[in-house]
Amino acid sequence: RQLFLYADAINHLSDRTAASAPDMVDFSRRVAAQGEFFGFSAKDTLAFGAAMISAGAQSDVASTSLRNMGRALVAGKSARKSLMGAYQAIGLSEIKTAQRMQIDAVGTTLDVMDRISKLPDWEQASVMSEFFGDEARALAPLLSQIDTLRATLGYVADDTAYAGSVSREFESRSKTTA
C-alpha cells in the first residue's frame, strides 16, 4: 500500500509541477532515505525535490541540495563555527533547530528559509552558503519562491488528494489508445 501511495505522490507532483516523474524517481532514489533521517516524511522529501526541480535544478543537484540542507538543520552540537554564525544571523539556535527537525521538519525548514529570505539581499547569499554549502545551488531559487514551495508541499499534505493517481492516469490514457 505504501509503495502505491508513494508512486501516486510522484505522479501527482509531476502532474502539478514542472518536475517530471522520471526526475522525481531519480531524486527519490538518491535521497529519500536521508530525507526521513532528517525528519521529513517520504512525501515531504518528494515535494522539496519537485519544488527544486521545477525551479530549474537537475535531480542530482536537487538531491545534493536536500542532503546539505538536512545536514545543516540537524547539525546541533556538531555545527562548525561558521554554521553557528549563520544560525546567529537569523536568530536561531543550532541545537534547538536540530531538536525541532525531529518534531516538525517541514515547519522548521520553512522557518529557516523565511528567516534567510528576510535578510538584506547582500547578506542572503553568504548566509545560504554558510548554512547549506555552495553545492546546494537548488535552494537559492526557493528563497524567492517560498510560496511555490509551500504549495508543492500542500499537494501531498493529504493522502486522499492523490491516492489512486497512477490508476486514474492509466485509465485515462488507456481510453485514448486504439
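Higher on the page you've got the structure.
Below you will find a few notes about this structure.

So, how was this worked out
Residues numbered from 1 in each chain as written. Predicted model: local features only at pLDDT ≥ 70, side-chain atom pairs only at ≥ 80, totals over all residues. Heavy atoms only, no water. Axes fitted to C-alpha atoms, helices over the stretch in contact; angles between N-to-C directions. Helix = DSSP H or I, 4+ residues; strand = E, 2+ residues; numbered from the N terminus. Parallel < 35°, antiparallel > 145°, perpendicular 65-115°, else oblique. Left-handed = near helix turned anticlockwise from the far one by under 90°. Contact = heavy atoms within 4.5 Å. Nonpolar A, V, L, I, M, F, W, Y, C, P; charged D, E, K, R; others polar. Polar contact = N/O pair within 3.5 Å; in protein donor to acceptor, adjacent residues only side chain to side chain. Salt bridge = Lys/Arg side-chain N within 4 Å of Asp/Glu carboxyl O. Buried < 20%, exposed > 50% of the residue type's maximum accessible area, 1.4 Å probe, protein only. Expected span 1.5 Å × (residues − 1).

**Remarks on the packing of helix H5 (residues 81-89) against helix H8 (residues 121-132)**
Stage number 1. Relative to each other, H5 and H8 sit at 135°, their axes nearing to 8 Å. The orientation of H5 relative to H8 falls into the category oblique. Handedness of the crossing formed by H5 with H8: left-handed. Counted together, Ser-82, Leu-83, Ala-86, Tyr-87 and Ala-89 of H5 and Glu-123, Val-127, Glu-130 and Phe-131 of H8 form the full contact between these two elements.
Stage number 2. Its residues assigned to classes, the contact of H5 with H8 comprises 6 nonpolar, 1 polar and 2 charged.

**A closer look at the environment of Ser-129**
Stage number 1. Tracing the chain through its elements places Ser-129 in helix H8.
Stage number 2. Along the backbone, Ser-129 and Ala-86 are 43 residues apart, and their C-alpha atoms lie at a distance of 9.0 Å.
Stage number 3. Among the polar contacts made by the side chain of Ser-129, one reaches the side chain of Asp-134 at a distance of 2.5 Å.

**Digging into the pattern of salt bridges**
Opposite charge on two side chains makes pairing possible when the charged atoms of those side chains draw close.
Stage number 1. Going through the model one piece at a time under the given rule, you end up with 5 salt bridges.
Stage number 2. Its salt-bridge partner being Asp-26, residue Arg-29 comes within 2.6 Å of it at the nearest N-O pair. Taken together, the residues Arg-29 and Asp-26, both in helix H2 (residues 21-38) and 3 residues apart, mark about one turn of the helix.
Stage number 3. The class of Asp-26 is buried, set by a relative accessible area of 17%.
Stage number 4. Notably, a salt bridge pairs Arg-150 with Asp-114, separated by 2.8 Å at the nearest N-O pair. Taken together, the residues Arg-150 in helix H10 (residues 146-155) and Asp-114 in helix H7 (residues 105-117) connect sequence positions 36 residues apart.

**Describing H7**
Stage number 1. When the terminal C-alpha atoms of H7 are compared, their 18 Å separation across 13 residues agrees well with the 18 Å that a helix rising 1.5 Å per residue should span.
Stage number 2. With respect to burial, H7 is a largely interior element, 10 of its 13 residues being buried.
Stage number 3. Looking at H7, one finds that the buried residues are Ala-105, Val-106, Thr-108, Thr-109, Leu-110, Asp-111, Val-112, Met-113, Asp-114 and Ile-116.

**Focus on the side chain of Ser-28**
Stage number 1. Mapping Ser-28 onto the fold places it in helix H2.
Stage number 2. Contacts of Ser-28, omitting those with residues within four sequence positions, involve Tyr-6 and Leu-46.

**Quick word on the environment of Arg-100**
Stage number 1. With respect to the helices, strands and loops of the structure, Arg-100 is situated in helix H6 (residues 94-103).
Stage number 2. Sequence separation between Arg-100 and Gly-39 is 61 residues; the distance between their C-alpha atoms is 9.1 Å.
Stage number 3. If we ignore the near neighbours within four places in the chain, the residues touching Arg-100 are Leu-92, Ala-105, Gly-107, Thr-108 and Asp-111.

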